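Secondary and tertiary structure notes
Below are the chains, spelled out letter by letter.
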Amino acid sequence: MRNLWNLIAQYHVALLFIVLQGVALSWFVSSHGYPRGKWVKRTMEWQGSWNQTRSQWLRLADLDQLNQELLAENASLRAELFALENGDDRTQIGSAEVIRSTWTGTANYFVLNKGIADGIAVGQGVIQGSYAAGKIIEVSESYALGLPLVNQEIEWSARINAEGPVGRLIWDGHAINRGTLLDIPISAQFSPGDPVLTSGFQGYFPAGMVIGHVAEDPTEFDGQFLSVPVVLAADFRSMRYVEITDIEDRNDIEAMSSQLSPKAP
Amino acid sequence: MNNRITPYVQVLVPLLLQVAFFQYATLFQGWWYIGFHLLGLLLIPLQRAAGWVLIISAVIGILVDFATFEGGLFMSSALFMGLFIPLINRILAPREGYEITDSPTIASMGIRWFVARTWLLIALHHLWMFTWEASRWDLVWVAWGKALVSATLTTVLFVLVMLLTQSRRKQR
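Nothing here was measured: the structure is a model prediction, and the numbers come from that model. (Residues numbered from 1 in each chain as written. Chains lettered and ligands numbered in written order. Predicted model: local features only at pLDDT ≥ 70, side-chain atom pairs only at ≥ 80, totals over all residues.)

A few points about the overall build of chain B
- Counting its secondary structure elements, chain B contains 7 helices and 2 strands.
- For chain B, the succession of helices and strands along the chain, N to C, is α-β-β-α-α-α-α-α-α.
- Taking all 172 residues of chain B together, 38% fall into the buried category.
- The long-range share in chain B, meaning contacts at least 24 apart out of those at least 6 apart in sequence, stands at 67%. (Helix = DSSP H or I, 4+ residues; strand = E, 2+ residues; numbered from the N terminus. Buried ≥ 20, exposed ≤ 12 C-beta atoms within 10 Å, placed from the backbone. Contact = placed C-beta atoms within 7 Å.)

Brief notes about the overall build of chain A
- Helix and strand counts for chain A come out as 4 helices and 13 strands.
- Within chain A, the proportion of its 265 residues that are buried is 31%.
- Sequence separation of at least 24 residues holds for 55% of the intrachain contacts in chain A that already meet a minimum separation of 6.

Quick notes on helix 4 (residues 73-91) of chain B
- Between the first and last C-alpha of helix 4 of chain B there are 27 Å, a value that for 19 residues agrees with the 27 Å anticipated at 1.5 Å per step.
- A maximum bend of about 35° is found in helix 4 of chain B at Ile-85 of chain B, where proline Pro-86 of chain B lies one to four positions downstream. (Expected span 1.5 Å × (residues − 1). Bend = angle between axes of the 7 residues up to and from the residue.)

Topic: the packing of helix 2 (residues 12-29) of chain A against helix 4 of chain B
- Where helix 2 of chain A contacts helix 4 of chain B, the axes come no closer than 7 Å and their chain directions differ by 155°. In this view, helix 2 of chain A runs roughly antiparallel relative to helix 4 of chain B, as classed from their interaxial angle. At the point where helix 2 of chain A passes helix 4 of chain B, the crossing takes the left-handed sense. Contacts between helix 2 of chain A and helix 4 of chain B involve Phe-17, Leu-20, Gln-21, Ala-24, Leu-25 and Phe-28 of chain A from the former and Leu-73, Met-75, Ser-76, Leu-79 and Leu-83 of chain B from the latter.
- For the contact of helix 2 of chain A with helix 4 of chain B, a count of residues per class yields 9 nonpolar, 2 polar and no charged. (Axes fitted to C-alpha atoms, helices over the stretch in contact; angles between N-to-C directions. Parallel < 35°, antiparallel > 145°, perpendicular 65-115°, else oblique. Left-handed = near helix turned anticlockwise from the far one by under 90°. Nonpolar A, V, L, I, M, F, W, Y, C, P; charged D, E, K, R; others polar.)

Focus: unusual backbone geometry
- The residue Asn-161 of chain A is not glycine, and still its phi comes out positive at about 60°.
- In this fold, Asn-161 of chain A is placed in the loop between strand 6 (156-160) and strand 7 (166-170).

Quick notes on the packing of helix 6 (residues 111-134) of chain B against helix 7 (residues 140-165) of chain B
All names here are of chain B.
- Interaxial distance between helix 6 and helix 7 falls to 8 Å at its minimum, and their mutual angle equals 145°. In this structure, helix 6 crosses over helix 7, and the sense of that crossing is right-handed.
- Residue composition of the contact of helix 6 with helix 7, grouped by class: 18 nonpolar, 7 polar and 2 charged.

Re the interface of chain A and chain B
- Taken together, the 15 residues of chain A in the interface contact 15 residues of chain B.
- Put simply, the parts of the chain that give the side of chain A that touches chain B at least two residues each are helix 2 and helix 3 (33-86) of chain A.
- At 10 residues, helix 2 of chain A tops the list of elements feeding residues into the side of chain A that touches chain B.
- Grouping the constituent residues of the side of chain A that touches chain B by class yields 10 nonpolar, 4 polar and 1 charged.

Describing the confidence of the model for chain B
- Per-residue pLDDT for chain B averages 83, and the proportion of residues at 70 or more is 89%.
- Interface confidence for the predicted complex, expressed as ipTM, amounts to 0.80; the pTM equals 0.47. (pLDDT = per-residue confidence, 0-100.)

A closer look at the pairing of strand 3 (residues 125-128) of chain A
Residue and element names in this part refer to chain A.
- Neither face of strand 3 is left uncovered, since the one carrying Gly-125 and Ile-127 and the one carrying Val-126 and Gln-128 both have all their residues buried.
- Bridge analysis of strand 3 against strand 4 (residues 131-139) gives 4 bridges, and the strand direction is antiparallel. Opposite Val-126, over in strand 4, you have Gly-134 as the bridge partner.
- The turn linking strand 3 back onto strand 4 is made up of 2 residues, and Gly-129 within it adopts a positive phi angle of 65°.
- Across 3 bridges, the pairing between strand 3 and strand 13 (residues 241-247) is antiparallel. When the bridges of strand 13 are listed, Gly-125 appears paired with Thr-245. (Pairing = 2+ DSSP bridges.)

Describing the pairing of strand 9 (residues 195-198) of chain A
All names here are of chain A.
- Sheet topology note: the strand 6/strand 9 ladder contains 3 bridges and is antiparallel. Paired with Ile-160 across the bridge in strand 9 is Val-196.
- One ladder, built from 3 bridges, connects strand 9 with strand 10 (residues 210-214); its direction is antiparallel. Within strand 10, the residue paired with Leu-197 across the bridge is Val-210.

Some words on the environment of Trp-52 of chain B
- Mapping Trp-52 of chain B onto the fold places it in helix 3 (residues 50-68).
- Taking C-alpha positions, Trp-52 of chain B is 9.3 Å from Gly-82 of chain B, a pair spaced 30 residues apart along the chain.

Comments concerning helix 6 of chain B
- The end-to-end C-alpha distance of helix 6 of chain B, which contains 24 residues, comes to 33 Å, matching closely the 34 Å that a straight helix rising 1.5 Å per residue would cover.
- At the C-terminal side of helix 6 of chain B, Ser-135 of chain B shows a positive phi close to 55°.

Shown next as structure tokens:
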């Protein structure tokens, strides 16, 4: 404060000149024909430009808010639809925004802008659009860490078609939209384009949620089981707004199943 | 006249003359504007602090603006001139500096000092004022020409006024 006073004292003549000159010129331009017209025109241009920029910012902020609202509404509608289609009203669907994600490594992850305070918990599934995309593995008060399907360190329980055999879906670390469904019996009936769905066994997702579809590539046979190439439906590169699936009695089921077998399927 | 009142009279009389008689005095089709109030600014005592010079300039400018409905033009120009008064005083100061009894008049500082100071300050005032008045780049050259011609003629007028009104005193 003292320095400020010293500064003002040192430059008081210049400051006084600027203030008084400002008053004089404002008075002048507001009362004269041509300068006034020119000044007003320039001021209008500046103000118009500033207002437009400000309005764009506000609109962007509004859009963000609108996006959040739509996402929440979408999640709620998806939960209702899912309940109607599958007769499963145990699944709640919430919404979140991806604030960080990787897809170029082999141990990819993403971070969501919601955490315990928003009802996010470890073990919940993450869907993008209507496609299974990952699961939550860690939560803090306001953020959640998740692993996408495209992570080499985890396996997912999936089946081909609604009534088809269940296998382990893995990602080999190469193409971001390709996975492999292992342990499919040779007797299984399927063809390229058939949907690959969540089994619901792991508790991350309800059963019947689309993961992808069977690819055109040839199926491999290891002597006992088939390895089916799968095209993943979620677009991991553009993951931004996602939905979180929460199965009501997931904890109870996990508690029971963990006593028998620590690993699904 | 009492020496304490003289500076105020020197500032106020030219102002009154300007407001009462010379406010429409623009001669030779605009090539000579007589700003008599500027003589008052020129006669502000040399020892007056720069801040006070600015305030006095602003007040005189405002009064002329009110009288002539010029809306800030005279205030702005007087301020611009007021800003340069201490600087020009310093530039034109004698080698040994000003004495406490020195005043910015021909009688005190000599005709060369007075002419140089008057012309420089009035030229600055007029350049600022005419430029703002023109407010267009295509008029600015004419405006500056008028400003310099007007400054020269006004300097001559002020010298004459000073020679006629000031009592003769020992020059430095």
